[in-house]
Amino acid sequence: MLPKVSCQQRPTDAPTTMKNILVINGPNLNMLGIREPNIYGKQDYATLVAFIQESAAKLGLTVDVRQSNHEGVLVDWIQEALGKFDGIVINPAAYTHTSIAILDALKAVALPAVEVHLSDVSAREPFRQISYAGMACRKTFAGHGFGGYRLALEYLTTL
């Protein structure tokens, strides 16, 4: 059984200077604006990417924003981040609740990571109450829509 660890309870390491952030989006985020707009909003994925890039620029950060529907690709990107990026913002989407592989990859690279969800997953179905990825994250922002990404980037600048 995995220990129950909240992102908000993870200790922080020594301060770092964040400059280059990898933003990873999981399955179905490419369907924003089409898939359940009452939950995820009417704006499309291209609008999300533009929002993230604009938010990063205002904070003096560079971002590489990626999306995949495939778990192994997400794991590969996390592993490739080691030595290339200063931190990770991740919305694992449905893999939040199922992927120990993503948890293990985040733990392996040990980069500061922040979990983001467009909707408030804590107010949704019972199966959405566990976040494996979140166990390796310093913080989670959920239910803030696109703004959660900005909050995650802002948080990383404080490290």
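Remember, it's a predicted structure, so these values are computed and weren't measured experimentally.

K.L.:
Help me understand the overall build of the protein in this model?
P.N.:
In terms of regular secondary structure, the protein is built from 5 helices and 5 strands. The linear arrangement of helices and strands in the protein, starting from the amino end, is β-α-α-β-α-β-α-β-β-α. A burial count over the protein gives 47% of its 159 residues as buried. At a minimum sequence separation of 6, the contacts of the protein that also span at least 24 residues come to 78%. In the structure as shown, the protein presents an accessible area of about 7,900 Å², 54% of it carried by carbon and sulfur atoms.

K.L.:
Please explain helix 3 (residues 71-81) as it appears in this structure.
P.N.:
Restricting attention to buried positions, one finds in helix 3 the residues Leu74, Val75, Trp77, Ile78 and Ala81. Projected onto a plane normal to the axis of helix 3, the buried residues spread over an arc of 160° and lie on a single side. Of the surrounding secondary structure, the elements contacted by the buried residues of helix 3 are strand 1 (20-25), strand 2 (62-67), strand 3 (87-91) and helix 4 (100-109). Once helix 3 finishes, Gly83 follows within two positions and takes phi at roughly 85°, a positive value.

K.L.:
Would you explain the nonpolar core in this entry?
P.N.:
Taken as a class, soluble globular proteins show a tendency for nonpolar side chains to be buried jointly. Ile21, Leu32, Val89 and Tyr149 are the most contacted members of the largest nonpolar core, which totals 26 residues. Residue assignment for this core shows that the elements contributing at least two residues are strand 1, helix 2 (45-58), strand 4 (113-117) and helix 5 (147-157). Aside from chain neighbours lying at most four places away, what touches Tyr149 is Val23, Asn25, Leu29, Leu48, Ile52, Val89, Asn91, Val116 and Leu118. Counting residues in hydrophobic clusters, the runner-up holds 23 residues, among them Leu74, Ile90, Val109 and Ala136.

K.L.:
Any chance you could explain the side chain of Ser55 here in plain terms?
P.N.:
Its place among the elements puts Ser55 in helix 2. Here Ser55 falls in the buried class, since its relative accessible area comes to 8%. A polar contact of 2.9 Å, which involves the side chain of Ser55, links it to the backbone oxygen of Phe51. In this view, Ser55 contacts Arg150 and Leu153; residues no more than four positions away in its chain are not counted.

Thresholds, definitions, all that
- Residues numbered from 1 in each chain as written.
- Predicted model: local features only at pLDDT ≥ 70, side-chain atom pairs only at ≥ 80, totals over all residues.
- Heavy atoms only, no water.
- Helix = DSSP H or I, 4+ residues; strand = E, 2+ residues; numbered from the N terminus.
- Buried < 20%, exposed > 50% of the residue type's maximum accessible area, 1.4 Å probe, protein only.
- Contact = heavy atoms within 4.5 Å.
- Areas by Shrake-Rupley, 256 points an atom, 1.4 Å probe, with all protein chains shown as cover.
- Arc of directions from axis to C-beta.
- Core = buried A, V, L, I, M, F, W, Y, C linked by side-chain atoms within 4.5 Å.
- Polar contact = N/O pair within 3.5 Å; in protein donor to acceptor, adjacent residues only side chain to side chain.

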